Amino acid sequence: SSFSVKDSALPDRWDKNVGAYFITSRSIGFPANDELLAGSWNSTIFHCLITDTIRCSYCKWSKILKQSFNGNARIDNILYDASDNIWIGSTMGLRGVKADSIFFSPDSTKVGKDVYERLSSEIFDILETKDRLWVATQLGLVFLEKTGTWHAFVHPKGPGRKRCTSLCYDYKGRVWTG
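Read on for a plain summary of the structure. (Residues numbered from 1 in each chain as written. Predicted model: local features only at pLDDT ≥ 70, side-chain atom pairs only at ≥ 80, totals over all residues. Heavy atoms only, no water.)

**Considerations on the pattern of salt bridges**
By the definition in use, this model includes six salt bridges. Close ionic contact of Asp76 with Arg74 constitutes a salt bridge, the shortest N to O distance being 2.8 Å. We note a salt bridge from Asp114 to Arg118, for which the minimum N-O separation is 3.3 Å. Of the two residues, Asp114 and Arg118 both sit in helix α3 (residues 113–119), four residues apart, roughly one turn of that helix. Classification of Arg118 by relative accessible area gives buried; the value is 1%. Taken together, the shared-partner salt bridges in this structure form one network comprising Arg74, Asp76 and Glu122. (Salt bridge = Lys/Arg side-chain N within 4 Å of Asp/Glu carboxyl O. Helix = DSSP H or I, 4+ residues; strand = E, 2+ residues; numbered from the N terminus. Buried < 20%, exposed > 50% of the residue type's maximum accessible area, 1.4 Å probe, protein only.)

Rendered as structure tokens:
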């Protein structure tokens, strides 16, 4: 009882046995109550309103996102941060969206070569903590400080430039990587 995100409006799919709507998508993010974003395989994101029915349409900024990724990215992560930014992780890197426009796309002159390479590789996970945004990538771990400065995580016992696929924040405030 699930359905896939397609290039058209999504049909209602209520499962009576479970009492839930099912959406099969690479990623889902929740901006507010009764809303969700569903990422697809072709650089497209759908905005869905959920009340007694589900109504979905392309996000207003989906076209510029698709152009930014050359239409070839699979959207794997969607995260809303405390500043109402939308962070989108894909097979072709990280993008930041706010107010219907892209405000962040990796640029080596602004983030440095090592961070640029990591943020332009496949993004596996995105996590916000009270003081940082963490990004798990094909080429290691990266974080953004609240000051706006990006850093490649470099530690003798850390992942270095190895693939980092998952992030978790525990009750003691520690970030765990996998």
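That covers the picture; the talk isn't over yet.
**Let's talk about unusual backbone geometry**
At Asp84, a residue that is not glycine, the phi angle is positive and equals roughly 65 degrees. Within the element layout of this structure, Asp84 appears in the loop between β7 (75–80) and β8 (86–90).

**Some details on the pairing of strand β9 (residues 93–98)**
Across the six residues of β9, five count as buried, placing the element largely inside the fold. The pairing of β8 with β9 spans five bridges and is antiparallel. Bridge pairing in β9 links Trp87 to Gly96. Count of turn residues in the β8/β9 antiparallel hairpin: two residues. Where β9 meets strand β10 (residues 101–104), three bridges bridge the pair, whose relative direction is antiparallel. If you follow Lys98 over to β10, its bridge partner there is Ser101. (Pairing = 2+ DSSP bridges.)

**Some points on the environment of Ser101**
Inspection of the secondary structure assignment puts Ser101 in strand β10. Along the primary structure Ser101 and Ile64 are separated by 37 residues, whereas in three dimensions their C-alpha atoms are 7.6 Å apart. In contact with Ser101, not counting residues within four places along its chain, are Trp61, Ile64 and Gly96. (Contact = heavy atoms within 4.5 Å.)

**Let's talk about the sheet that holds β7**
Judged by pairing direction, the sheet is antiparallel, and its four strands sit side by side in the order β7-β8-β9-β10 without closing on themselves. Here the strands that pair on one side only, and so sit at the sheet edges, are β7 and β10. Sheet twist, expressed as the average angle between the axes of neighbouring strands with direction ignored, equals 30 degrees. (Axes fitted to C-alpha atoms, helices over the stretch in contact; angles between N-to-C directions.)

**Examining the nonpolar core**
Trp87, Leu94, Leu119 and Trp150 are the most contacted members of the largest nonpolar core, which has 15 residues in total. For this core, the secondary structure elements donating two or more residues are α3, β11 (123–128), β12 (132–137), β13 (140–145) and β14 (150–152). The residues touching Trp150, leaving out its near neighbours within four places in the chain, are Trp87, Leu94, Phe104, Val111, Val115, Leu119, Leu133, Val135, Val142, Phe143 and Leu144. Within the second largest apolar cluster, twelve residues are counted, among which are Cys59, Ile75, Ile86 and Ile88. (Core = buried A, V, L, I, M, F, W, Y, C linked by side-chain atoms within 4.5 Å.)

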